[in-house]
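As a plain string of letters, each chain reads:
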Amino acid sequence: MTAAHGPVDDPPKPGGRVDAVDVARGVALIGMASFHLSWDLADFGVVSPLLPFTPPMRLLSHTVASAFLALVGVSLALAHRDRLNLSAFGRRFALIVGAAALVTIGSSFFAPGLTIGFGILHCIALASLIALPLIEAPAAASLAAGVVAIALPFFVHSKAFDPPALLWLGLGEALPNTLDWRPLLPWAGVTLLGLGAARLPGVLPWLMRPGRWRARSAPAWAIAFAGRHSLAVYLLHQPILIALVWTVAASGLVAPWAPPKLDDSAFLAACNRSCVARGRAADECDSGCQCVKDAIERSDEAARLGKGPAEGERGAELKRMADACMGR
């Protein structure tokens, strides 16, 4: 199961909140919950385990993460639009760091071997810290820094950054086995772009204008309310979803997924050889290949995926599953 894509509430300011930003964050929460629900349904055998690995779901994952990180930058610009408030920034930063630590501890307890060491909340915390000196800088500085942060991993990519102490930077070749992986680069760049865009001339006054849109309808208010409390929603939504899916699966109202069995010995051997040849540790390859094998075995595609060379459509499906299992 991949956890993924988290939020941070921007602190209130005397000028009032911007409902459009809260609604945007609330919509991102809906996308996040939808993605996590696909994993939960697959984990409990309600739907095909291939569902979270499909291109639309992977695209949803990255889109939601990008939305949250960009809104972090926008929220920083709004919260400090008059002047930099270090005490408010410090309180917010401490809250995010605490929540990130809670996620790390919780994942190590509930999913040993897949601990979240640097997920979306960890990335938001460090991205906010990097953005701190740019909050009062010209918009061009944040935009330039964001472009550099996003582009850097495409030009700097080395095994020298593979040790755990450096892997979180996002410049290494290895990928951790984890439930959530949002390395600092390129993802912090999205926050910097959000900050820079919000600080472009005229944007903040337009967002704060007296006649700005308000979330007055019941659906809009509900989404905005969730967006205002996005960190709490992020921390609580998965236990709720898991409980609901477990109840449905245990009730027998939905027929469990019944895929054919897969003779996996040849697949696991080939997968491990390929994985180790690419420089990953043997134990990481074992768990990652097992994850892919389990996804194939539980799916109705097992007979087709388990035979023949990994080429064309079959190769693309296997790669999508491997990328997700390895935390890509």
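Before going into details, it helps to say that this report is about the structure given with it. (Residues numbered from 1 in each chain as written. Predicted model: local features only at pLDDT ≥ 70, side-chain atom pairs only at ≥ 80, totals over all residues. Heavy atoms only, no water.)

1. Quick notes on unusual backbone geometry
Cis rather than trans, the peptide bond between Leu185 and Pro186 has omega equal to 15 degrees. By the element assignment, Pro186 lies in helix α7 (residues 184-198). (Helix = DSSP H or I, 4+ residues; strand = E, 2+ residues; numbered from the N terminus.)

2. Considering the packing of aromatic side chains
According to the stated counting rule, one finds five aromatic pairs in the structure shown. Sitting above the plane of the Trp206 ring, Arg209 keeps its charged end 4.3 Å from the centroid. (Phe/Tyr/Trp six-rings, centres within 6.5 Å; stacked < 30°, edge-to-face > 60°. Lys NZ or Arg CZ within 6 Å of the ring centre and 35° of its normal.)

3. Details of the packing of helix α2 (residues 55-79) against helix α4 (residues 120-131)
Interhelical geometry of α2 versus α4 gives an angle of 35 degrees and a closest axis separation of 11 Å. As α2 packs across α4, the resulting crossing turns out to be right-handed. Between α2 and α4, the residues in contact are Ala65, Leu69, Val72 and Leu76 and Ile120, Cys123, Ile124, Ser128 and Ala131, respectively. By residue class, the composition of the contact of α2 with α4 is eight nonpolar, one polar and no charged. (Axes fitted to C-alpha atoms, helices over the stretch in contact; angles between N-to-C directions. Left-handed = near helix turned anticlockwise from the far one by under 90°. Contact = heavy atoms within 4.5 Å. Nonpolar A, V, L, I, M, F, W, Y, C, P; charged D, E, K, R; others polar.)

4. Remarks on a nonpolar patch on the surface
Residues Leu102, Leu235, Leu236, Ile240 and Leu244 make up a contiguous nonpolar surface patch of roughly 470 Å² in combined accessible area. Tallying contributions element by element places helix α10 (residues 230-251) first for the nonpolar patch, with four residues. Looking at the element boundaries, Leu102 is found in helix α3 (residues 86-110). Taking relative accessible area as the criterion, Leu102 reaches 52% and is therefore assigned exposed. (Patch = residues over 30% accessible without salt bridge, like charges linked within 9 Å, V, L, I, M, F, W, Y side chains within 5 Å. Areas by Shrake-Rupley, 256 points an atom, 1.4 Å probe, with all protein chains shown as cover. Salt bridge = Lys/Arg side-chain N within 4 Å of Asp/Glu carboxyl O. Buried < 20%, exposed > 50% of the residue type's maximum accessible area, 1.4 Å probe, protein only.)

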